[in-house]
Amino acid sequence: MTRKKVRYDEILPNKDQWPIVKLSQNRVGFIKKVADESFHQLLTNGTPIREELETTVYKERIRIKANPWKVDPADDLRFWNNIKSELAETAQLTPEETQAKERELMQTIILRYTEEIAGSFKQSYYRFARTFITFGFARLLNATRVKGFLSLFSRQLDLDDKIQIVGQTEHIRKLAKKGTVVMVPTHFSNLDSILIGWVIQFLGLPAFIYGAGLNLFNIKILAYFMNSLGAYKVDRRKRNPIYLETLKNYSKLALMEGAHSLFFPGGTRSRSGEIEKNLKLGLLGTAIEAQREMYQTNADRKIFIVPVVINYHFVLEAPALIKEYLKKTGQERFYQEADEFSTSYKMGTFMLKFFTKGSDISVSIGRGMDVLGNYVDDEGNSLDAKGNPIDTRDYFRSGDEITEDSQREHEYVRILSKRIVEEYHKFNRVFASHLVAYTAFKMLQRRNPTLDLYGILRLSDEDLEIDYEEFKEAYKKLRDHILKIHKEGKVDVANHMKKRATISILHGLENVGMYHARRPLILKNNKIIIQDPNTLFYYHNRMEGYELEKYL
């Protein structure tokens, strides 16, 4: 059955009206605004300035020595040594002079951080990146279908034949006209940022700003596309209070300026392969702060949270990610993150192979919520559990006034985080590859009830075979339950999941981990053979959270 294609018009054809364009046109002024706000917040947080400075210098010098990156500024060490020297020299100054010098040093650091974080979006670059991704990736899709040089120019397939966008697509378009959208996707691969960037433009939405790991800017081709698609830089090595406050204010003030934003609330790629359940609260908190501050200034614009679930049959980084997860949970030494995309060549080679495989990707757009996790309608009105309109201003009132209450807002962030995780599971689109992995791994565990996880992963080859008929019966039981809760609106499923069990199983086996050197599962001589228990565990984890184990 051929899927009906949809084409979306741009909701703001005049790109000069895009919030991200206005932000980039006032880049210098916005950077100053973020720096001033961060300085003010740090002065009023109750921690002495000198303590903040000493902590920051100490942590930064350790970072430079222990974990340097190519993207780091050439003067990094010299800058922080100078800050340390100038701080030491204050011992010769009067108390008034010392206070002034400490403030000056803090402002210098904040400004440096803000300049580093700030995106450099340009309309011309965005147009080129959009055209290149749409044309280039779509041409790659045809490379294995139309032989020879002409395959690059075939129009047999478009990119949306590969990437299926499902869910509340019209809803998010309507919300983007009414207020500021914060898209919060799951995060499994380094490809996610470029993928979501393409999805945003395909849906006819203005470009979003989004935080991308600074390490990804080591790769020139990836850095170009991320800059072009609206990225600002997030350095997860920097855990000092000054940097974190600056990053938080960059996000908050951009939202207040109306810039649609993309957060990966899991903070980083899922190491286990499981849908994120413990979200980072920092950036989510900026959405709540921004909404409250806009209400305080009588701004009517609302911020809408839209969960998005990305589904791949395979993730290039899976072997390295699950190895890191297992080492961490096994309480062994810290495993430094493998950089699978360490060069532009590796990135390009992967994309070529990825897009010429037959494996599909789906992006599920969830229903919009306000910053308290209440659903909103197409007009942006918040609704209670019974569908009645509610005024979110009331959540920020103390008496008749809208006030700041950090303890209250911290609880709101926790509530919002929980709601996002619930929506992830609801809009997750189950692939057969996920379910065949889940079935096989759970059958291993049932066979070996006395072994812990690490014992299961160390089973000998002869213990890693499952009779196909036995496997099929277990798979059918689990699939029947998945289809049942799908009808109840508790999960989504790919169309191939509704085909006969034998066809669905073969589809899953053909696609699960299809790019890895060792496939997690293969079918041979009427046996399901597990070739790589680690990556099998990774793909199995995608189906955790649905209590499926009860149905085996």
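Being a predicted model, the structure only gives us computed values, none of them experimental. (Residues numbered from 1 in each chain as written. Predicted model: local features only at pLDDT ≥ 70, side-chain atom pairs only at ≥ 80, totals over all residues. Heavy atoms only, no water.)

Visitor: It is not clear to me how the overall build of the chain should be interpreted in this structure. Could you clarify?
Guide: A count of helices and strands for the chain gives 20 helices and 16 strands. Buried residues in the chain amount to 56% of all 552 residues. By sequence separation, contacts in the chain at least 24 residues apart represent 75% of the contacts at least 6 residues apart. For the chain, the accessible area works out to roughly 25,000 Å², and carbon and sulfur atoms hold 51% of it. (Helix = DSSP H or I, 4+ residues; strand = E, 2+ residues; numbered from the N terminus. Buried < 20%, exposed > 50% of the residue type's maximum accessible area, 1.4 Å probe, protein only. Contact = heavy atoms within 4.5 Å. Areas by Shrake-Rupley, 256 points an atom, 1.4 Å probe, with all protein chains shown as cover.)

Visitor: Before we go on, may I ask you to explain the pattern of salt bridges in this structure?
Guide: Close approach of charged atoms allows side chains of opposite charge to pair. The tally for this structure, following the rule as stated, stands at 42 salt bridges. Lysine 238 is the partner of aspartate 235 in a salt bridge, and the nearest nitrogen-oxygen pair spans 2.5 Å. Neither aspartate 235 nor lysine 238 differs from the other in exposure class; each is buried. The partner of aspartate 492 in a salt bridge is arginine 429, and the shortest N-O contact between them spans 3.8 Å. Of this pair, aspartate 492 sits in strand E14 (residues 492-493) while arginine 429 sits in strand E12 (residues 429-430), and the two are 63 residues apart along the sequence. Using a relative accessible area of 22% as the deciding quantity, one classes aspartate 492 as partly exposed. (Salt bridge = Lys/Arg side-chain N within 4 Å of Asp/Glu carboxyl O.)

Visitor: Would you take a moment to explain the confidence of the model for the chain for this structure?
Guide: Caution applies to low-pLDDT parts of the model: their predicted coordinates are not meant to be read in detail. Averaged over all residues, the pLDDT of the chain equals 88, while 88% of them reach at least 70. Confidence drops under a pLDDT of 50 for residues 143-157, and excluding neighbours within four residues, the segment shows 23 contacts in the predicted structure. Note that residues 333-339 has pLDDT below 50 and, in this model, 13 contacts with residues that lie over four places away or in other chains. (pLDDT = per-residue confidence, 0-100.)

Visitor: Any chance you could explain a positive patch on the surface here in plain terms?
Guide: On the surface, a cluster of positive charge is made up of Lys59, Arg239, Lys280 and Lys328. Its location among the elements puts arginine 239 in the loop between strand E4 (231-234) and helix H11 (241-256). (Patch = residues over 30% accessible without salt bridge, like charges linked within 9 Å, V, L, I, M, F, W, Y side chains within 5 Å. Lys, Arg positive; Asp, Glu negative; His and termini not counted. Charge placed at Lys NZ, Arg CZ, Asp CG, Glu CD.)

Visitor: Explain the packing of aromatic side chains to me, please; I cannot follow it from the model alone.
Guide: Aromatic ring pairs are described here by two measures, namely the spacing of the ring centres and the angle between the planes. By the definition in use, this model includes 14 aromatic pairs. Taken together, a centroid distance of 5.0 Å and an interplanar angle of 90° make the contact between phenylalanine 79 and tryptophan 80 edge-to-face. Here phenylalanine 79 falls in the buried class, since its relative accessible area comes to 14%. Taken together, the ring pairs in this structure connect Phe79, Trp80, Tyr113 and Tyr243 into an aromatic cluster. Over the aromatic face of phenylalanine 217 sits the side chain of lysine 233, whose NZ or CZ is 5.2 Å from the ring centroid. Positioned above the aromatic ring of tyrosine 375 is the side chain of arginine 367, whose terminal nitrogen or guanidinium carbon lies 4.2 Å from the ring centre. (Phe/Tyr/Trp six-rings, centres within 6.5 Å; stacked < 30°, edge-to-face > 60°. Lys NZ or Arg CZ within 6 Å of the ring centre and 35° of its normal.)

Visitor: It is not clear to me how the sheet that holds strand E6 (residues 303-312) should be interpreted in this structure. Could you clarify?
Guide: What links the strands of a sheet is backbone hydrogen bonding, and the strands pair in either a parallel or an antiparallel sense. Judged by pairing direction, the sheet is mixed, and its 7 strands sit side by side in the order E1-E7-E6-E2-E5-E3-E4 without closing on themselves. Of all the strands in the sheet, just strand E1 (163-167) and E4 have a single pairing partner and so form its edges. Sitting on the sheet, helix H12 (residues 281-296) is in contact with strand E2 (180-185), E4 and E6, with an inclination near 160° to E6. (Pairing = 2+ DSSP bridges. Axes fitted to C-alpha atoms, helices over the stretch in contact; angles between N-to-C directions.)

Visitor: Whenever I open this one, a negative patch on the surface confuses me. Can you help?
Guide: On the surface, Asp461, Glu462, Asp463 and Glu465 cluster together into a negatively charged patch. Relative to the helices and strands, aspartate 463 is located in the loop between helix H17 (453-457) and strand E13 (465-467). For aspartate 463, a relative accessible area of 36% corresponds to the partly exposed category.

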